[in-house]
Every structure is written in structure tokens, then in C-alpha cells.
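Here is what each chain is made of, one letter per residue.
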Amino acid sequence: MMGCMGGPGRPFYASLLDMPALTAEARRAIEAEAERRIGWGTQAITSGQARLHHALAANDPVAVQQAAAGVREGLLLLESGTAALRAVDAGMPPRQLALTWFRDQLGLPPAEAAPMAIDGGPWGLSWYHLTSMAFLVTFLVGTLLIQHARMRRINALVGRLSAAPAGGPAPGPAPAPGKPSEPPTDGPSGSPARVVGTAPVTPAPASAAPSPAAATAAARRPWSGALRVAATFRETPTVKTFRLVEPGGGDVPFTFMPGQFLTVSAELDGRTARRSYTIASSPTRRSYVEVTVKREEQGLISRHLHDRVAVGDSVEVSAPLGVFTFMGEETSIVLIAGGVGITPMMSVARYLTDRSYPCEIFFLYGARSPEEFVFREELEYLQKRHANLHVAATMSRAEGTAWMGATGPISKEFIARSVPEIAKRRVHLCGPPPMMEAVRAALAELGVPKGQVKTEAFGPARGVAPGTPAPLPTSAPAPSPGPAPAGDAIPRVATAEVRFTKSGRTGALAPDQTVLEAAEAIGVEIDYSCRVGICGACKVPLVQGAVTMEVEEGLPPEEKARGVILACQAKSVGNLVVEA
Ligand SMILES: Cc1cc2nc3c(=O)[nH]c(=O)nc-3n(C[C@H](O)[C@H](O)[C@H](O)COP(=O)(O)OP(=O)(O)OC[C@H]3O[C@@H](n4cnc5c(N)ncnc54)[C@H](O)[C@@H]3O)c2cc1C
Ligand code: FES
């Protein structure tokens, strides 16, 4: 599969044997073919690497083998293309070019400068005949040697990637284009919720042993430690970027995939609070990571970061986490973002443009006003440099501004206008819940299959602000209809109890309350990070009872089968016993 650019046709070097001289026409044909091969090769390597990471993360040896074969194929294409360009530049005749390439592949010394006579060779055979026979023999031997070399390359590559820290791609070499100075903007923040699965979980027998896959997953824990704030950038009146570096200098101590997030922890008022922030920078920039944070008026961590954290300060982080990634493994990508939901899309766009992704990138963005358009200048800059990046933005409130572009929300018409043949393309979506719902509906109307739409949720699925647990009365008036403001103490009626075996405490549990919230309400410590069911940090064994979970992305099926639950998602109407 050679992706958006098609694929190589007949054997390139074999066809060169038919070209007697390097005419202008032959030169053009070789150069065009060589450039195509470089493009195919680069793409195959990129997508092979991406598949390799996913396969390694999934501990799937068959997929690892297939992905490594893709990388190997890409290397060969890249090599053959660049060798051809070099040879044409040196004015080498096509036939000699082919022979030189075969010799290079076989590791043979350069041919003696012997003109190829048509006849007059030994044993009554023409030189042409003898050369062809020698070539065929060496070609056969060479094929075997190439195969051997390929296997060694694959093993080395797999070994290198397996040894890399959790979850990241092999870093690319691209240097950073200067960050555009002080762009305006941000957008409406969001705390989307996604329902993934609601199958009840009941605990498995305590004797069940962890599977090898679970053991591997456990071994791939995110890196945790302190990073230093090296710079901050004001993106919009309410959005700031924090550039984090390794305090001792050098590369950041973990690798990640575009779209993954990190968790910031801070001790505030005697309690540890954690929030997740997408790494908005590209994995190709190895010496820093950037998070771009919207200041929530009453938010605990976002206000802490905006108001108190300054250049030179340390920030405790865990990274990388998350599966909302894209590394160029498809023939095009549509990135649709609203407000600060732009951060994962920005990481993907920065990564793909850094790596010269050869396929189409459609970047659709919705903000409240031009002033809140996060990364506007950088997107304009990238679009000017990369013809395959198509940015389309719409502002819901543009009256009284100089905005000349589209207005209103991201609608079906806006999407159809901005992305041709969207039904065939993979779509990534992140933004505030109403925007995500509307875009999902629009995509369905445009014929995009559900499975082609990947989404990221940016906040707690329900209203209670994490870190500010609501007191839980054991009996209380029924909750008033309509959504309660986030962070408010929501009156709840407890219908069950949850007993925590390690701490020996028992708390009340309302049907709409998670095990994590119930634990926090009575001071039982359960680790957490994303609070939306995607990171797996809050996994705890369920000893007794049954729970439902809206989102289970952070819970491998084999762990679920053993009775492990995500405390941030687990709800129950019956009594529970949980190991915490
Ligand atoms: C995977 C993932 C990636 C994310 N990436 C990003 C990102 O790149 N950038 C980003 O900005 N965010 C991102 N988020 C959201 C982020 O994790 C936080 O949820 C967000 O910053 C708010 O955290 P906070 O501590 O400031 O607010 P919290 O204290 O958690 O409050 C949550 C909300 O409740 C409101 N609230 C709190 N207390 C009260 C009160 N007493 N009365 C009324 N309202 C109240 C706050 O204003 C806020 O809107 C991401 C989330 C996830 C899960
Ligand atoms: S805290 Fe991330 S899955 Fe529960």
C-alpha cells in the first residue's frame, strides 16, 4: 500500500536496462520516477513506524512483523530513488545506473571501466551475453544477501523502538521553524463526554493470574517527574502555552505520539490535584513539550498554571498517555477542532508538516471570535509552506471584527465546502460537547462511517469538578432537573454503600456517582489522571458487586475480565466492595 500517491509499478531498475543512453527524455523519466520513489518510501517509513508503535503497544507480534516489513519496503524505495537522482546528476547512462545499483545492493566493488562490446568475448560469446549471464547470477545471489540485510535492519529497528520509553515514536530530525510571535485567540473550552460501553463488570475470582499482555502493559508505565517551564506564550486572552524542558538540559525524558497527553499534578491546599493536558507540540521536537491551557474562571489547575506558574518553575508531570493519535498512517486526515480542543490537532498538524507528510491534511476550526482563534498565525504560516495543509476556520461571533472568513458554527455545509469526499476520509474531532455532538451528526449526514470518526474528550463526563468533591448526604432531596454547574455540590440520594477494603472505610454511593467520587468524599486515596476513562490511572480491583462504566478505553479487556474497574467511570445502584 503506497497511500495517497499510488504505488510503484514495474521494476524500475530493470526497466533502465532497456534505455541505451541518457537522453533528456530518459533523464526526465528517471528523475520523475526517483522522486516518486522517495515520496512513497518516506510515506511507507512514516506509516510503518506508526503501525510499529501501535503493534508494540498492543504487544501483537504479527502486526509488528507486518509493520516492520512496511518500514523495510520504505527504506528500499527511498534508497533506490536517491541513488537514481545521484546517478542522473553524474550523467550516468541508464543501463550503467541499473548495474551500479545492483552492485551497490550486493556490496560489489565498482565495475572496471570496460566498454561493453557487442562481440569479441571469450568462448565465442559476446560481451553482452557474458555480462547478462554474470548479472543474472549475481542478481540471484544478491537477492539472498539483500533479504539477509533486510532482516538485520528490521531486527535493529524493532530493537531500537522496543527500547524507547513508553509510547513514543522515533524522533524525527526536523528543526523547529520559529514559533510565530504572540498570536491572538482561543475558543470555547469544553468538557465533552463520550459513552463507550455500559456492560456491567463483576469481579473475577481473586486467584486469576495477570496475563502476559497485562504484565507488558503494566511494565509500560508513563514516565513521571519534574520538568522546568522554559517559556510561556500568550495565545489568546485566556489561553497560554507552557514550554516544558528537562531541567538538566537535553531531550525530554519520554517520547510520545502526536495527540497524546500528559498529566500535571500540583499540591494545592494540602491536596494533590491532577489534570490532563494534550501535548500540543510535535514529537519531532525532542528538546521540549508544550501544553496549551485555557484558564477556567473557577478552575483549580488551569488558574494555578496561568496565575502562579512562571518561567523557571518546576511542574510535576506524567507522560505520555492516551490513544487519540495520528501519525500519518492513512491516505489523508481531517482534523476538526473547537476552542481549546485544537491542541491535539495542532500536535498532529505540526508533526505531519515537520515530517513532510505527502497526503492531504484538512484542518477545520471553530472559535467564538477571531480574538479567540488559537494558533491562528502559526496555522497561516504552516499553510503557506505546505500546499497539502488546508485550513478552514469559522467564527461564531465575528460582528464588529475584521474577520472576512466563514461565520457561524461548524456546520454540515461548512464541512462539505471545506473537505471534498469526506466520506472516504478519517476524521479526528475534539471540542466542547455541543460542538462535538453537532459535528458528529453533520458527519453522519455526510456519509462518514462512525468508525472513521475518532474523538477526544477533554474533561469529566459529569458536572462535578474533579478535586472539589461534593459532600454526599446519605439522604437528601432529589436532584433538581437540568445540568448543575460544574463544581457545585450536587445533592444526591445514596442508594448503596461502597466499602474500601484497604483503608477500611465505607461511604455512601448514589447511582450517578462514580466510585472515585465516593472515595474522594470520605478521604480514600485512589490514583487518577484523566477522569474520563482513557488513561487507566484509576484502575482498582472490584471485590464484590457490579458496576457500569461509560468509557472503558483505559481498561484492557483482560483486566476487565479479571474484575478490575476504572474508578472514575464505575457506577452502581447496588453495594460494592472495592480494593482501595
Ligand atoms: C485527555 C485530556 C486532554 C486535555 N487537554 C487539554 C488542553 O490541551 N488544554 C486545556 O485547556 N484543557 C485540556 N483538558 C482539560 C483539563 O484537563 C482540565 O479539565 C481543565 O483545564 C480544567 O481544569 P481546572 O482544574 O482548571 O478546573 P476544575 O477545577 O477541574 O473545574 C472544572 C470546571 O468547573 C468549573 N468550576 C470549578 N469550580 C467551580 C465552582 N465552584 N463554581 C462553578 N464552576 C466551577 C471550572 O470553571 C471549570 O470549568 C484536557 C482534558 C483531558 C481529559
Ligand atoms: S482517571 Fe483516567 S481512566 Fe480513570
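One numbering rule holds for all chains: residues counted from 1, following each sequence as written. Chain letters start at A and ligand numbers start at 1, both assigned in the order the entries are written. Whole-chain, interface and lining totals are the exception, using all residues; otherwise, since this is a predicted model, local features are given only for residues with pLDDT of at least 70 and side-chain atom pairs are given and counted only at 80 or more. The side-chain numbers reported here are obtained from all heavy atoms of the structure, hydrogens and water having been left aside.

Asks: Summarise the side chain of Arg350; cite the residues concerned and give the values.
Replies: The numbering of helices and of strands both runs from the N terminus, where a helix is a DSSP run of H or I of at least 4 residues and a strand a run of E of at least 2. Inspection of the secondary structure assignment puts Arg350 in helix α8 (residues 342–354). Here the term buried applies to any residue with accessible area under 20% of the maximum for its type, exposed to any over 50%, and partly exposed to those in between, with areas from a 1.4 Å probe on protein chains only. When its relative accessible area of 8% is taken as the criterion, Arg350 is described as buried.

Asks: Provide a residue-level description of the pairing of strand β7 (residues 332–338), including the pertinent values.
Replies: Counting buried residues along β7, seven of its seven residues qualify, which places the element largely inside the surrounding structure. The alternating pattern of β7 places Ser332, Val334, Ile336 and Gly338 on one face and Ile333, Leu335 and Ala337 on the opposite face, and all of these are buried. Sheet topology note: the β7/strand β8 (residues 360–367) ladder contains seven bridges and is parallel. Bridge pairing in β8 links Val334 to Phe362. Strands qualify as paired when DSSP identifies two bridges or more between them.

Asks: Provide a residue-level description of the sheet that holds strand β3 (residues 261–268), including the pertinent values.
Replies: Pairing within the open sheet is antiparallel, and its six strands lie in the order β4-β3-β6-β1-β2-β5. In this open sheet, the two strands that pair with only one neighbour each are β4 (271–278) and β5 (289–294). Across the sheet, the mean angle from the axis of one strand to that of its neighbour is 40 degrees, orientation sign disregarded. The contact definition used throughout considers only heavy atoms, calling two residues in contact when any of these lie within 4.5 Å. Lines fitted to the C-alpha atoms define the axes, with helices restricted to the stretch that makes contact. Angles between their N-to-C directions range from 0 to 180 degrees. Set on the sheet, helix α7 (residues 300–308) makes contact with β1 (223–236), β2 (239–245), β3, β4 and β5; between it and β3 the angle comes to about 80 degrees.

Asks: How would you sum up the pattern of salt bridges? Please name residues and give values.
Replies: Salt bridge, as used here: a side-chain nitrogen of Lys or Arg that lies within 4 Å of a carboxyl oxygen of Asp or Glu. Tallying each qualifying case throughout the model produces 16 salt bridges. With a closest N to O distance of 3.2 Å, Arg274 and Asp527 form a salt bridge. Of this pair, Arg274 sits in strand β4 while Asp527 sits in the loop between α12 (515–521) and β15 (539–544), and the two are 253 residues apart along the sequence. Residue Arg274 is classed as buried on the basis of its relative accessible area, which comes to 17%. Overall, the relative accessible area of 45% leaves Asp527 in the partly exposed class. Across the salt bridge formed by Glu520 and Arg531, the nearest N and O atoms sit 2.8 Å from each other. Of this pair, Glu520 sits in helix α12 while Arg531 sits in the loop between α12 and β15, and the two are eleven residues apart along the sequence. Look at the salt bridges and you will find they share partners, linking Arg295, Glu297 and Asp307 into a network.

Asks: Lay out α8 with the relevant residues and their values.
Replies: In this analysis, the expected span of each helix is defined as 1.5 Å times one less than the number of residues it contains. Its 13 residues place the ends of α8 18 Å apart at the C-alpha level, agreeing with the 18 Å of an ideal helix rising 1.5 Å per residue. α8 sits mainly inside the fold: 13 of its 13 residues count as buried.

Asks: I'd love a proper account of the packing of aromatic side chains, names of residues and values included.
Replies: Aromatic pairs are defined between Phe, Tyr and Trp rings, using the six-membered ring for Trp, whenever the two ring centres lie within 6.5 Å; interplanar angles under 30 degrees are classed as stacked, those over 60 as edge-to-face, and all others as tilted. Across all of its chains, the model carries five aromatic pairs by this definition. Between Phe326 and Tyr357, the aromatic rings sit 6.1 Å apart at their centres with planes inclined by 85 degrees, giving edge-to-face as the arrangement. Here Phe326, found in the loop between β6 (314–321) and β7, pairs with Tyr357, found in the loop between α8 and β8; they are 31 residues apart in sequence, far enough to count as distant. Taking the relative accessible area as the measure of exposure, Tyr357 reaches 6% and is therefore buried. On the basis of an interplanar angle of 70 degrees and a centroid distance of 6.2 Å, the ring pair of Phe373 and Trp403 is categorised as edge-to-face.

Asks: Got a sec to walk through the sheet that holds strand β11 (residues 426–430)? Specific residues and values, please.
Replies: Spatially, the six strands line up as an open sheet ordered β10-β9-β8-β7-β11-β12, and their pairing is parallel. Looking at strand neighbours, the two that pair on one side only are β10 (406–407) and β12 (453–456), the edges of this open sheet. Pairing of β7 with β11, which is carried by five bridges, proceeds in the parallel orientation. Bridge assignment links Val334 to a residue of β11, and that residue is Val427. On top of the sheet, α8 reaches β7, β8, β9 (389–395) and β11; it is set at about 150 degrees to β7, its chief contact. This element, helix α11 (residues 433–445), spans β7, β11 and β12 of the sheet and lies at about 160 degrees to β11.

Asks: Break down the pairing of β9 for me, with residues and values.
Replies: With five of its seven residues buried, β9 lies for the most part within the structure. The pairing of β8 with β9 spans seven bridges and is parallel. Its bridge partner being in β9, Ile361 is matched across the sheet by Leu389. Throughout, right-handed denotes a crossover for which the path from the first strand over the helix to the second runs clockwise when the strands point away from the viewer. Once the chain exits β8 it traverses helix α9 (residues 376–385) before rejoining the sheet at β9, and the crossover so formed is right-handed. Taken together, the two bridges between β9 and β10 define a ladder with parallel strand orientation. Across the sheet, the residue bridging to Thr394 is Ala406, located in β10.

Asks: How would you explain the nonpolar core if you had to name every residue and give the values?
Replies: For our purposes a nonpolar core is just a set of buried Ala, Val, Leu, Ile, Met, Phe, Trp, Tyr and Cys residues, chained together by side-chain atoms within 4.5 Å. If you look at the biggest cluster of nonpolar residues, it comprises 49 residues, and the most contacted ones within it are Ile526 and Val578. When residues of this core are assigned to domains, at least three fall in each of domain 2 (212–321) and domain 4 (467–580). Among residues more than four places away in sequence, those in contact with Val578 are Val498, Arg499, Phe500, Thr501, Val515, Val540, Pro541, Leu542, Val543 and Ile565. Domain ranges listed in this record stem from an automatic or a database domain assignment.

Asks: Can you break down unusual backbone geometry residue by residue, with the values?
Replies: Ala319 connects to Pro320 through a cis peptide bond whose omega is -5 degrees. Phi is positive for Ser356, which is not a glycine, with a value near 50 degrees. If you trace the backbone, Ser356 turns up in the loop between α8 and β8. Of the residues examined, Ser356 reaches a relative accessible area of 51% and is grouped as exposed.

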